Amino acid sequence: MRPQRTSIHAVSSWVRRQPPKVKAFLAVVSGMAALALLRFIVHDHDNLFVAAEAVHSLGISVLIYKLMKEKTCAGLSLKSQELTAIFLAVRLYCSFVMEYDIHTILDFATFITTLWVIYMIRFKLKASYMEEKDNFAIYYVVIPCAVLALLIHPSTSHHLLNRISWAFCVYLEAVSVLPQLRVMQNTKIVEPFTAHYVFALGVARFLSCAHWVLQVLDSRGHLLVALGYGLWPSMVLISEIVQTFILADFCYYYVKSVFGGQLVLRLPSGVV
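On a predicted model such as this, the values are computed, not experimentally measured, just so you know.

A. Broad picture of the overall build of the protein. Scanning the protein from N- to C-terminus turns up 11 helices and two strands. Counting from the amino terminus, the protein carries its helices and strands in the arrangement α-α-α-α-α-α-α-α-β-α-α-α-β. Out of the 272 residues in the protein, the part that is buried amounts to 44%. About 14,500 Å² of surface is accessible on the protein, with carbon and sulfur atoms providing 68% of the total.

What follows is the structure, given as structure tokens:
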């Protein structure tokens, strides 16, 4: 096991020494390689979206375990949970009035558990809540997402309010993890359960992004037309890619920490 750890450490040290442009290039190449692999081994790409929701649910389960067993919410961002509850509530509304399917049930279950996490942080475990570290102003993301939704939204036959609401939840989901990353940036040390939860979010975001990208490739671009006209189809893909890249840096250090045998994740200065 030690030679493997030594090799991983050598590779990670080499990557860390590279300039930002090289790191970005390596990230893009790694992402493309992962997409090519998924396209080869997963025949029904709709399964990627289901897998993304399953991984997200697994991450929330880890979070619930942390709150119930350790009786602490230290390191968790209440604001990220609130943003998650907001976009899930809006998406549930849109699903009921626009397109009800199995994903609506999964979203409802995630919404209920997210409300429970918010309740635990606000009331039951308030003494351990690191409010001074959770200092990301959520109106910095809510207001821009609302304005963007007013300007760029689906061009389908649904009611205008519903189309704007759908765009708003897509944009807000893309940036809902930012307060959690700010908390980790402020503390620099991330305990295991929180790290597992955020890593699960990163994996879920990548699988969801892979689902959309591969669906577009398989349909030779026809899926973009099905989503509507104008800038909206491109914004859907961009939102998925943004979510993935927001968490990519953290996921890199998480994997490095796990293979290095470290139980506590220590983030270098400037990460996330």
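From this point on, the discussion continues.
B. Quick look at the pattern of salt bridges. All told, the structure shown has six salt bridges when counted by the stated rule. Arg122 is the salt-bridge partner of Glu82, the closest N and O atoms lying 2.6 Å from each other. Linking Glu82 in helix H4 (residues 78-98) with Arg122 in helix H5 (residues 102-124), this pair joins segments that are 40 residues apart in sequence. Assessed through its relative accessible area of 18%, Glu82 is described here as buried. Between Arg91 and Asp107 there is a salt bridge; the shortest N-O distance is 3.0 Å. Of this pair, Arg91 sits in helix H4 while Asp107 sits in helix H5, and the two are 16 residues apart along the sequence. Both residues of the pair, Arg91 and Asp107, belong to the buried class.

C. A look at the environment of Ala195. Within the secondary structure, Ala195 sits in helix H9 (residues 192-218). The spacing of Ala195 and Phe250 is 55 residues in sequence and 8.9 Å in space, taken between C-alpha atoms.

D. Representation of the packing of H4 against helix H7 (residues 160-175) in the model. Between H4 and H7, the least distance of the axes is 9 Å, while the angle of their chain directions is 145°. As for the relative orientation of H4 and H7, their crossing is left-handed in sense. Only Leu161, Asn162, Ser165, Trp166, Phe168, Cys169, Leu172 and Glu173 of H7 make contact with H4, whose side of the interface consists of Leu83, Ile86, Phe87, Val90, Arg91, Tyr93, Cys94, Ser95, Val97 and Met98. Class assignment for the residues of the contact of H4 with H7 results in 13 nonpolar, three polar and two charged.

E. Representation of the UniProt feature "transmembrane region" (unreviewed entry) in the protein. The sites that UniProt annotates as "transmembrane region" (unreviewed entry) are residues 24-42, 104-123, 135-152, 164-181, 193-214 and 234-255. Annotated as residues 164-181, this span is 89% helix and 0% strand, and its ends, taken at the C-alpha atoms, are 27 Å apart. Regarding residues 193-214, the helix share stands at 100% and the strand share at 0%, and the terminal C-alpha atoms are separated by 31 Å.

Procedures and definitions
- Residues numbered from 1 in each chain as written.
- Predicted model: local features only at pLDDT ≥ 70, side-chain atom pairs only at ≥ 80, totals over all residues.
- Heavy atoms only, no water.
- Helix = DSSP H or I, 4+ residues; strand = E, 2+ residues; numbered from the N terminus.
- Buried < 20%, exposed > 50% of the residue type's maximum accessible area, 1.4 Å probe, protein only.
- Areas by Shrake-Rupley, 256 points an atom, 1.4 Å probe, with all protein chains shown as cover.
- Salt bridge = Lys/Arg side-chain N within 4 Å of Asp/Glu carboxyl O.
- Axes fitted to C-alpha atoms, helices over the stretch in contact; angles between N-to-C directions.
- Left-handed = near helix turned anticlockwise from the far one by under 90°.
- Contact = heavy atoms within 4.5 Å.
- Nonpolar A, V, L, I, M, F, W, Y, C, P; charged D, E, K, R; others polar.
- UniProt positions renumbered as here; feature names shortened; annotations may be inferred.

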